[in-house]
Every structure is written in C-alpha cells, then in structure tokens.
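Structural characterization, general
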Amino acid sequence: MGGMCGIVGYVGSPPASGRPLEVVIEGLRRLEYRGYDSAGVVVVTPEGLESTKKAGKLANLVEALEAAPLGLGTAAIGHTRWATHGAPNDTNAHPHRSGRTAVIHNGIVENFATLKAELLAEGVEFASETDTEVVAHLLDRAYDATGDLTSAMRQVVRRLDGTFTLLAVHAHHPDTVVGARHDSPLVVGLGEGENFLGSDVAAFIARTRQALELGQDEVVTITPTSVRVTDFDGKPVQARPFTVDWDASAAEKGGFRSFMDKEIADEPKAVADTLLGRTDADGQLVLDEIRIEESVLRAVNKIVVVACGTAAYAGHVAKYAIEHWCRIPVEVELAHEFRYRDPVVDERTLVVAVSQSGETMDTLMAVRHAREQGSTTLAIVNTHGSTIPRESDAVLYTHAGPEVAVASTKAFLAQITAAYLVGLYLAQLRGTLFSDEIASKLDELRVMPDKLQTVLDRSERVREIARWMADTPTVLFLGRHVGYPVAMEGALKLKELAYIHAEGFAAGELKHGPIALIEPGQPVFVVVPSPRGRHSLHSKVVSNIQEIRARGARTLVIAEDGDEAVVPFADEVFRVPRCPTLLAPLLTVVPLQVFACELAHAKGLDVDQPRNLAKSVTVE
Ligand code: AGP
C-alpha cells in the first residue's frame, strides 16, 4: 500500500557477505526524496527470512538494524512507504510476511477487501490493516501450490485490481527476487554477478548504469546471473536495455544546502540541455524523436495539456506561445479534473501530458482516457523509463537531469522549453510560421540559459528580502498574460515550501474582488510584462501596481532591465534581462523560486522534503 514508495531489490554476492542489506539500505537512501513515513527490509538467509521494519525516517530502521542485526544472505528487498491509508506505523510498514514469503508493494490494491474477506474466511490471521498483507498471504499460498515463486507471482497479480509494483522473496530461494508491475514504476539494474530492482534508477545508479525498462503487466525474476521477464501469462518479453545517463554524483547535492538550491542553480543547464540536439546546422528544428505521423499532426484542431501542479503551470505558459505560433486552440486541464468531466476530445485532438516524474497517477489516467477517446498523446517528461511516456504515442524528454527536491524548479523551465519546441515544430509542420521566424525564435531560446544565469547571479537581494519576510502570514502574486501562470507557480512554491498561504491572481482580476485583500503592509509580487511588447499589457500592470500601492501594499516587482515605469510604485524591483514576451517566464519565475526556497530555509524547514508532500504522486 502507499503512493510513491521507494522499492529496492538486490540479489548476488556470496551468502557470507552483508552486501545485500548494505546495497538495499543505500538504495533506499537514494529514494528518500520520494517522500515516505516508514521503512523496512528483509534478507533471505540460509535459515530463512529475516526482516526489520520501522515507522519514521530511514535512520530509525538503520538504528534498529544496528541494535539487532539480520543474518547474512544473498537476496534482500527494501521499501520506504508513504502511507495513503493505514497509519504509518511499524506494523503497517513493509515488508509484509506470510509463512516463508515476504513482499513489498508500491501502489494500491483496490480489491483487497474482497480478497481479505476470502482469506479471513479460510482462517488466515492478519497482523496489519494494509492491502499489501493480503498479497503476502496470497503469494505464500500460491507458492505452496506451485513450488515456484515466479508462477506464484503471476497467479496472484492476475487477481489484483488497482496499481502495484511488487517485489517478493521466499525462504526456499535465497538467490531470487521476483518483481511485478502494473501502473507503477519498476526498473532492473544489471550488474556483474549481481542484479538490482528499483522503483527508479536512483536505487542502484551507484552500482550500475546498465538498466532494463519494464513494461506494463510484466513479471521479472532476477538471480545473481540471470534476468527473466514475462508478461502476466508467462510469455517471455524482451525488455528494452538503456544506460542511465545520470551519474551517482548528479543525484547528490554537489555542495549546495539542499537539492532545491542545486536544482535552481542547474536551471541554465536544464534549459540548454533540453534544446541540445534538436536543431540542425542551419538552425532548423529537428524533432524526429516525436514519432507521430506528420499527417496526424497537421490534422490536429485542438490541443489539450493535461498535468498537475507546477507541470500544469508550465502547460499554461506554453498555451500562450503555442496558440500564437500555431493558431490551434490550446486548453490546459488539471489532469484529475480532465478525466472526470467527460471532455470533448477526439482523434483530431493532441493531448500533451506534462510530467517531471512520468508517474503522476492523475496524469497517467488522463492519458489513458484521452487514448480511449482516440486522441493522439504526446508526453513531455523528465524521467526516462517512466510510465507516462510508455503509455503515450510519443515523448519529448526534458533533459533537466534528476530533480530530487519535491518542489519542482528546473523541470518547470525545461517543461516550458520542451513545450515551446513542440509549438515551433507544429508551426513548422503546419506552415503557420516561416522557417526564418522559427530559426530566430530558436536563436532567442538558445540565449536564454545565459540570461537565466544573469538572473541567478542577481538573486542575493531576493534571498535577503526572503529572510526579512520569514514570518509573513500571506503573500499575493500578480501576473498578466504569460506572467499569470508564473504568478500562480510563485504562489505554489511558497505554499509547498514555507507553508505560507499564498495566492496567484491574474492582475486584471484585482478589481473583480481580490483587491479587497490589500491592506497596509500586504506583500504582493507583481510579474511585469516587457514594456517593449506589441500590446499595452505593460501599462495596465503598472496601473495595477499603482492601485495596490495606494492601498498600502508592499510591492515586490519583477521587471525587465531598463523598465523605469515601475520604479515609482515598487518597494523592490528584481530585474531580469530583456527577452521576448513569450520567453519571459523562463526568467521571471526564478526570483519567485529563490524567494520561496530562501524563506523556507529561513524558517528552518525541510526544503527538499516539505511536510505532507512527495516527489511523485503515484496515487489518484
Ligand atoms: C511542484 O513543485 C509540486 N511538487 C507538484 O505540484 C508537482 O509539480 C506535481 O505533483 C506534478 O508532478 P509531475 O510533474 O511529476 O507529474
């Protein structure tokens, strides 16, 4: 049970070594960012299964293992659980055992009550309130009937509804770990005389970068010298090998206070890398990785972006550019709303799923719904081998590298960049922009990393203001046009990092209500459009600043170099380099990210793992 758990499996090395447990604990450490509230491990020793599991952080488990070490074995599996239902306590922690079988699980077994009733009627005793324990009992009984853990796993998974990644071990097979996945991530790590399983590559990249991607409804059996993959019916499957291009250090903090600080500093590289290799020598766009028939893309008459949280705001920013460049209506839908509102989509709709983790269940379900309606689906995802790209018709990966902090920063910029590439690609295909216009927009994108670096180099003032404002009860964010989703993203960052109530508004909305919130001293960030844009948005936003300043607001203004019109009404001006109106979000969001990050540090909060949140929400 549990949403976005960390899963690690290891098999290999002689029984006498402590390596299995050492590798599993190390793997769980690298998965800590996924958010969890209990952890546990089980080792297959010559005497049988030995396990320990503890509520709370991994440190509690390590302490318990030091106090009462487990026996030495050849295979081990470990788990960090983020409770979705069933209190986060020792009993509900994984692994769950039954007889000579132990299992760990990520996801939710939706029909566990029925299965549990069946088992209870047969006299099975339950120790926990979890759905996972049901799987343990079913597996142990299936093993007794077949004598083979892999076929037992296949038999059991066919009876489960819901989402799951399962790893199981059995006392009779000290050199085997069996895994299964349905709607939830699992990848194989390939070693020399040892093999690994993980809910993502971070679990084993310190040991190997050769990996195998597992698909939907597959069962994998690893021993020290073999990896076998079949579907749920036992038919062999050829898993796709890939090399993990993140090295172990990339997943470390590299000297920064937090992963978030590091990832903000990585933003210029995230944007540059996302552009890399996608234009040819004469600056033309090359996106043949988007394997969708050109005729299909030409016939598209509507685009729907489905995403959650920050990814949805990235989609919202991209909407302005894609509509302007392609003249196709773009709707941005929160994935969890999209699926249940019977949306009007069909084979001429392009559904774009934006997701850093590629595992967000709400977004995955939206993709599935879209495909059922015959729509073409394109994923913009950061995590290779994740589920959403696998279930989409095509994927354009962002190359932001591992984003470990729960609060998304560099991925947000990379998502906007990738979405712009999609927009330019569609404009090129459909002829709504001349190739020289496309080339010049690509040139403007290519210089954004340098401009980003300039914004980062100026961020000390933002950090100073944040420290002064550490005890602010509420902050408002205003923006207009592409600055509007930036304002909402700035508010989300503050909510999730500093636990401060914050709200982003369309600046034009002020007089329709929100201005009633303005009282003396109320801090308001205002994202100001370029004064050089074709439209009069700039002067409208300046008058918005005037209105709130007249009512005592503390105006914190994000404005372009050289924009003097804002100065008389701004308590603070944070300058960003000039750039085209549609690209400005790549710069104007950065002071807001830095502000939220610094304020959270100032409040002594856990910046990388904010309370109640997890990096990837793999439950609906
Ligand atoms: C962003 O800071 C939040 N952690 C959250 O809103 C996140 O963007 C959202 O859950 C979507 O995640 P995804 O990009 O992995 O799909």
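Structure first, text after, so check above.
Now for a quick tour of the structure. (Residues numbered from 1 in each chain as written. Predicted model: local features only at pLDDT ≥ 70, side-chain atom pairs only at ≥ 80, totals over all residues. Heavy atoms only, no water.)

Observations regarding the sheet that holds strand β6 (residues 101–109)
An order of β5-β6-β7-β8-β12-β13 is seen for the six strands of this open sheet, with the pairing classed as antiparallel. Bordering the open sheet on either side are β5 (96–98) and β13 (226–231), each of which pairs with just one other strand. Strand-to-strand twist in this sheet, taken as the mean axis angle between neighbours without regard to direction, amounts to 20 degrees. Bridge count for strand β7 (residues 162–170) against strand β8 (residues 177–182) is five bridges, and the pairing is antiparallel. Along β8, the bridge assignment pairs A168 with V178. Of the strands in this sheet, β5, β6 and β7 touch helix α4 (residues 132–146), which is tilted by about 135 degrees from β6. (Pairing = 2+ DSSP bridges. Helix = DSSP H or I, 4+ residues; strand = E, 2+ residues; numbered from the N terminus. Axes fitted to C-alpha atoms, helices over the stretch in contact; angles between N-to-C directions. Contact = heavy atoms within 4.5 Å.)

Quick word on the site of the ligand
The ligand sits among 14 residues. The nearest are S355, Q356, S357, T360 and E496. In this structure, an oxygen atom belonging to the ligand sits 3.2 Å away from a main-chain N or O atom of T310. Take V406: an N or O atom from its main chain is 2.9 Å from a nitrogen atom of the ligand. Calculation on the ligand without its partners gives an accessible area of 420 Å², and the protein chains cover 90% of this total. Broken down by secondary-structure element, the contributors of at least two residues to the shell around the ligand are α9 (309–326) and α17 (483–498). (Near = heavy atom within 4 Å. Polar contact = N/O pair within 3.5 Å; in protein donor to acceptor, adjacent residues only side chain to side chain. Areas by Shrake-Rupley, 256 points an atom, 1.4 Å probe, with all protein chains shown as cover.)

Digging into helix α15 (residues 448–457)
Taken residue by residue, α15 has M448, P449, L452, V455 and L456 as its buried positions. Buried residues along α15 cover an arc of 110 degrees about the axis, so they all sit on one side. More than 90 degrees from the buried face of α15, the exposed residues found are D450 and D457. Tucked inside the fold, the buried residues of α15 contact α6 (259–265), α7 (267–275), α13 (410–430), α14 (435–446), β24 (572–576) and α19 (585–602). (Buried < 20%, exposed > 50% of the residue type's maximum accessible area, 1.4 Å probe, protein only. Arc of directions from axis to C-beta.)

Focus on the pattern of salt bridges
Under the counting rule described, the total for this entry stands at 38 salt bridges. Between E122 and R141 there is a salt bridge, with its nearest N and O atoms 1.9 Å apart. Taken together, the residues span a long stretch of sequence, with E122 in the loop between α3 (112–121) and α4 and R141 in helix α4 at a distance of 19 residues. Residue class for R141 comes out partly exposed when judged on its relative accessible area of 35%. (Salt bridge = Lys/Arg side-chain N within 4 Å of Asp/Glu carboxyl O.)

Points about the sheet that holds strand β21 (residues 501–506)
One open sheet accounts for five strands, arranged β21-β20-β22-β23-β24; its pairing is parallel. Edge strands, defined here as strands with exactly one partner in the open sheet, are β21 and β24. Sheet twist, expressed as the mean angle between neighbouring strand axes with direction ignored, is 20 degrees. Where α17 meets the sheet, it contacts β20 (474–479), β21 and β22 (523–527), and its direction lies at approximately 175 degrees from that of β21.

A closer look at the packing of α13 against α14
Two quantities define a packed helix pair, namely the angle between the helix axes and the distance between the axes. For the pair α13 and α14, the least separation of the axes is 11 Å and the interaxial angle reads 170 degrees. The pairing of α13 with α14 is recorded here as roughly antiparallel in orientation. Contacts between α13 and α14 involve Y420, L421, L424, A427 and Q428 from the first element and I438, K441, L442 and L445 from the second. (Parallel < 35°, antiparallel > 145°, perpendicular 65-115°, else oblique.)

Comments concerning the pairing of β7
Of all nine residues in β7, nine are buried, a share of seventy percent or more. Across nine bridges, the pairing between β6 and β7 is antiparallel. When the sheet's bridge partners are listed, V103 is paired in β7 with A168. In textbook terms, the turn of a hairpin is the stretch between consecutive antiparallel strands, and for β7 and β8 this stretch comprises six residues.

Focus: empty space enclosed by the protein
The full count for this structure, using the stated rule, is two cavities of 30 Å³ or more. There is about 140 Å³ of room inside the largest cavity. V528, P529, S530, A584 and T588 are, among the 19 residues lining the largest cavity, the residues nearest its centre. At the level of secondary structure, the elements contributing two or more residues to the lining of the largest cavity comprise β23 (554–560) and α19. Considered class by class, the residues forming the lining of the largest cavity number 12 nonpolar, five polar and two charged. In this structure, the second largest cavity occupies an estimated 70 Å³ of space. Along its surface, the second largest cavity is lined by I303, V305, G315, A318, I322, V352, V354, I380, A419 and V422. Secondary-structure elements contributing two or more residues to the lining of the second largest cavity are β15 (302–307), α9, β17 (349–355) and α13. A total of three residues in the lining of the second largest cavity trace back to one element, the largest contributor, which is α9. (1 Å grid on protein atoms, 1.4 Å probe; cavity = no way out; pocket = protein on both sides within 12 Å on 5 of 7 lines; lining within 4 Å. Points joined across faces, edges and corners; volume = space filled by probe spheres on them. Nonpolar A, V, L, I, M, F, W, Y, C, P; charged D, E, K, R; others polar.)

Digging into the state of the cysteines
In total, this model carries zero disulfides according to the counting rule given. No disulfide involves C326; its sulfur sits 19 Å from that of C579, the nearest cysteine. According to the relative accessible area criterion, C326 is buried, its value standing at 1%. (Disulfide = S-S within 2.5 Å.)

Here's the deal with the pairing of β22
In terms of burial, β22 is largely enclosed, as five of its five residues are buried. Burial along β22 is two-sided: P523, F525 and V527 and V524 and V526, pointing in opposite directions, are all buried. By the bridge criterion, three bridges tie β20 to β22 in an arrangement that is parallel. Counterpart to L476 in the pairing with β22 is V524. Where β22 and β23 come together, five bridges link them in parallel fashion. Bridged to P523 within β23 is R554.

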